[in-house]
Amino acid sequence: MVTVRVPAKVNVQLGVGGVRPDGYHDLANVFFAVALGDEVTATAADGVTLTCTGPDADAVPLDGTNLAARAARLLAAHHGLADPGVHLHIAKAIPVAGGMAGGSADGAAALVACDALWGLDTPLETLLELAAELGSDVPFALLGGVALGRGRGEILEALPVSGTFHWVFAVADGGLSTPAVFRECDRIREESGTGATIDDVPTPDADPALLAALADGDPVALADALSNDLQAAAVSLRPSLADTLHAGTEAGALAALVSGSGPTCAFLAKDADAAAHIAATLRTSGTCRTAHATYGPVPGARVVSAPTP
Ligand code: C5P
């Protein structure tokens, strides 16, 4: 039995370029890994099977479409294992369809867990390539820390960061579909007359002020630099998010933004005490289902318990 812990992410910058001929958008995507995370436990079994526990477990698909199951099969196929056997149990804390890459995290965790269970010793570089086949956000869940994602988000460069930043995440009722939020972003751009293709929208770049704030460990400067080009689209599809963002700001957050494609909202706090206060205030605000105080950056998917040899 092997257990892997894997972080959720928030995008401290999500710069979205025009839609490409393959349907994806070029990104300048600064991923930040937070301690709110899932645990995936792999046990030897016949075939590939899944179970899931946690407050959102009912919303997690347990069939072959789950990224954890796809990851197990992809790793087995890469190594030519004809008959892969693993039971994967997901202890789910990351909001489902919440804009925090929870499904991607489970895919990354399953790669690491199966690699250890099957004794494959796959190099990280190969795991990163397999992760990119599974989805745009999966490679970052392997890497963790803070990283700039280019291309559709899968071409990663680790970024320097100092200290610890304190965050609060307000979890909404129900999820938002990532493709639907990207489509809404395109629709808003077309409606405003700018156009939505790569010919219309300049390729985004990482914001130097944001990179400096991360390197300096300065939460006030980071708060000033946070940005998410998908935020207007997420709020357009779920107008109540404006109330959630407002409630966290009123409770003392340095800044508020939608996490990725939403609907989870992220709040940067000045320290751990402020984060605990903001989370408690949000929980009784009536603008979200629940709220979690957490911190980051933290490492990517890693084995936390394995059989002693
Ligand atoms: O790569 P992944 O399967 O996680 O992406 C889910 C969907 O999100 C894509 O099918 C696409 O609609 C949208 N997407 C995008 N541009 C990106 C990443 C994702 O349009 N860079």
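The model shown is predicted, which means the values in this text are computed figures rather than measured ones. (Residues numbered from 1 in each chain as written. Predicted model: local features only at pLDDT ≥ 70, side-chain atom pairs only at ≥ 80, totals over all residues. Heavy atoms only, no water.)

## Things to note about the site of the ligand
Right, on to step 1. Residues in close proximity to the ligand include Gly-23, Tyr-24, His-25, Leu-27, Gly-135, Ser-136, Arg-152, Thr-178, Pro-179 and Phe-182, which together make up its full environment.
Right, on to step 2. The contact in question runs from an oxygen atom of the ligand to an N or O atom on the side chain of Ser-136, over 2.5 Å.
Right, on to step 3. The separation between a nitrogen atom of the ligand and a polar main-chain atom of Arg-152 is 3.0 Å.
Right, on to step 4. With the chains in place, 74% of the 460 Å² that the ligand exposes on its own is no longer accessible.
Right, on to step 5. Its atoms largely coinciding with the cavity grid, the ligand occupies the largest pocket.
Right, on to step 6. Of all the secondary structure elements, the ones that give two or more residues to the shell around the ligand are β2 (25–43) and α5 (178–192).
Right, on to step 7. Sort the elements by how many residues they give to the shell around the ligand and α5 lands first, with 3 residues.
Right, on to step 8. Here the shell around the ligand is built from residues that sort into 4 nonpolar, 5 polar and 1 charged. (Near = heavy atom within 4 Å. Polar contact = N/O pair within 3.5 Å; in protein donor to acceptor, adjacent residues only side chain to side chain. Areas by Shrake-Rupley, 256 points an atom, 1.4 Å probe, with all protein chains shown as cover. 1 Å grid on protein atoms, 1.4 Å probe; cavity = no way out; pocket = protein on both sides within 12 Å on 5 of 7 lines; lining within 4 Å. Sits in = over half its atoms within 2 Å of the grid points. Helix = DSSP H or I, 4+ residues; strand = E, 2+ residues; numbered from the N terminus. Nonpolar A, V, L, I, M, F, W, Y, C, P; charged D, E, K, R; others polar.)

## A few points about helix α2 (residues 102–117)
Right, on to step 1. Between its terminal C-alpha atoms α2 stretches 22 Å, which fits the 22 Å expected from 16 residues at 1.5 Å a residue.
Right, on to step 2. A large share of α2 lies buried, amounting to 13 of its 16 residues.
Right, on to step 3. Among the residues trailing α2, Gly-119 stands out with phi positive, at a value near 60°. (Expected span 1.5 Å × (residues − 1). Buried < 20%, exposed > 50% of the residue type's maximum accessible area, 1.4 Å probe, protein only.)

## Some points on the layout of surface pockets
Right, on to step 1. When its volume is computed, the largest pocket comes out at roughly 1000 Å³.
Right, on to step 2. Residue lining of the largest pocket: 40 residues in total, with Ser-104, Asp-137, Thr-178, Pro-179 and Ser-261 positioned closest to the centre.
Right, on to step 3. Put simply, the parts of the chain that give the lining of the largest pocket at least two residues each are β1 (2–19), β2, α1 (67–78), α2 and α5.
Right, on to step 4. The element contributing the most residues to the lining of the largest pocket is α2, with 4 residues.
Right, on to step 5. For the lining of the largest pocket, the per-class residue count stands at 17 nonpolar, 17 polar and 6 charged. (Points joined across faces, edges and corners; volume = space filled by probe spheres on them.)

## So, the nonpolar core
Nonpolar side chains in soluble globular proteins tend to be buried together.
Right, on to step 1. Among the nonpolar cores identified, the biggest contains 65 residues, and Phe-32, Val-34, Leu-88, Leu-111, Trp-167, Leu-214 and Leu-222 are the most heavily contacted of them.
Right, on to step 2. Formed by 28 residues, the second largest nonpolar core is a distinct cluster that contains Ala-247, Ala-253, Ala-275 and Cys-288. (Core = buried A, V, L, I, M, F, W, Y, C linked by side-chain atoms within 4.5 Å.)

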